[in-house]
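# Residue-level structure breakdown
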Amino acid sequence: MEEKKGEVVLFGTWASAFCTRVELALKLKGIPYEYVEEDLTNKSELFLSLNPVHKKVPVLVHNGKSIAESLIILEYIEEGWNTTPKLLPEDPYQRAKVRFWANYFDQKIVPSFYIIFGSKDKEREKAIEDSSQLLKVFEEGIEKDFPGQSLFFNGEILGYLGIVIGSLACNYQAVDEAIGVAIISEKNPKFLSWVNTLKNCPLMGETLPPHDKLVARLSARLKST
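Please read these numbers as outputs of a predicted model, since none were measured by experiment.

The buried fraction of helix 7 (residues 172–179) amounts to six of the eight residues, a majority that puts the element mostly inside the structure. Residues of helix 7 that are buried include every one of Tyr 172, Ala 174, Val 175, Asp 176, Ala 178 and Ile 179, and no others. Looking at the buried residues of helix 7, the elements they touch are helix 4 (92–118), helix 5 (121–145), helix 6 (160–169), helix 8 (189–199) and helix 10 (211–224). Two residues or fewer after helix 7 comes Gly 180, characterised by a positive phi angle close to 85 degrees.

With that settled, consider the environment of Ser 131. Structurally, Ser 131 is set in helix 5. What makes Ser 131 buried here is its relative accessible area of 0%. Once residues within four sequence positions are removed from consideration, Ser 131 is found in contact with Ser 112, Phe 113 and Ile 116.

Let us look at the confidence of the model for the protein. Parts of the model with low pLDDT should not have their predicted coordinates read in detail. Looking at the protein, pLDDT values average 91 and 96% of them are 70 or higher. Confidence, expressed as mean pLDDT per element, reaches its minimum in the protein at strand 5 (residues 153–154) with 68 and its maximum at helix 1 (residues 17–29) with 97. Considering only residues more than four positions removed or in separate chains, one finds that residues 1–5, a stretch of pLDDT under 50, has eight contacts.

What counts, and where the lines are drawn
- Residues numbered from 1 in each chain as written.
- Predicted model: local features only at pLDDT ≥ 70, side-chain atom pairs only at ≥ 80, totals over all residues.
- Heavy atoms only, no water.
- Buried < 20%, exposed > 50% of the residue type's maximum accessible area, 1.4 Å probe, protein only.
- Helix = DSSP H or I, 4+ residues; strand = E, 2+ residues; numbered from the N terminus.
- Contact = heavy atoms within 4.5 Å.
- pLDDT = per-residue confidence, 0-100.

Given below as structure tokens:
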């Protein structure tokens with residue numbers, strides 16, 4: 001990596017929503033970067049040396065130094081390139097609330113999606129209901145903490161929470177097609193509306209994995225379980 005000092009390199013895999021987050025932030029900030037597709041079934045020695053603790057993508061390398069974990073990388077990009085557009089609000093309290101709900105999404109809602117994906121029949125029905133209840137808490141919390149605000153955008157530009165939510169939830173139709181059930185339904189109309197608004201953002205559309213390719217990947221993963 002010595003020859004890449006001063007440059008930005010993102011190690012990722014095309015189907016990872018967590019890598020999509022980083023790409024969205026880099027593009028929003030107008031930061032040139034090199035993308036390296038990592039084979040997670042045969043991880044390179046270079047990659048393992050860059051993230052020896054978790055051994056997961058994404059990993060961002062800047063000035064020869066590596067940063068891991070998508071939310072931490074987003075914070076690093078925001079602080080390291082103090083340019084507009086801003087990913088986070090200026091007000092410290094608002095920033096804290098945005099971080100809180102981003103963490104809630106990653107710690108509660110994302111695992112609930114994985115449980116749906118890995119379950120069947122009655123277990124899946126229960127998992128979908130459990131996930132719906134978590135989404136309801138999210139809906140109510142966002143409306144309480146950010147009344148009347150377009151929280152997922154800073155003006156017309158994607159914001160931190162929009163990146164966090166959209167990078168994963170905007171793939172919901174591919175997941176539905178692969179597993180044959182809706183993971184986000186009309187039980188959570190506000191969340192569904194927010195996700196569809198994010199999905200219509202041009203930058204989101206050009207950065208998300210191709211729909212058919214993602215359906216094929218998810219279907220293959222289901223068959224292997």
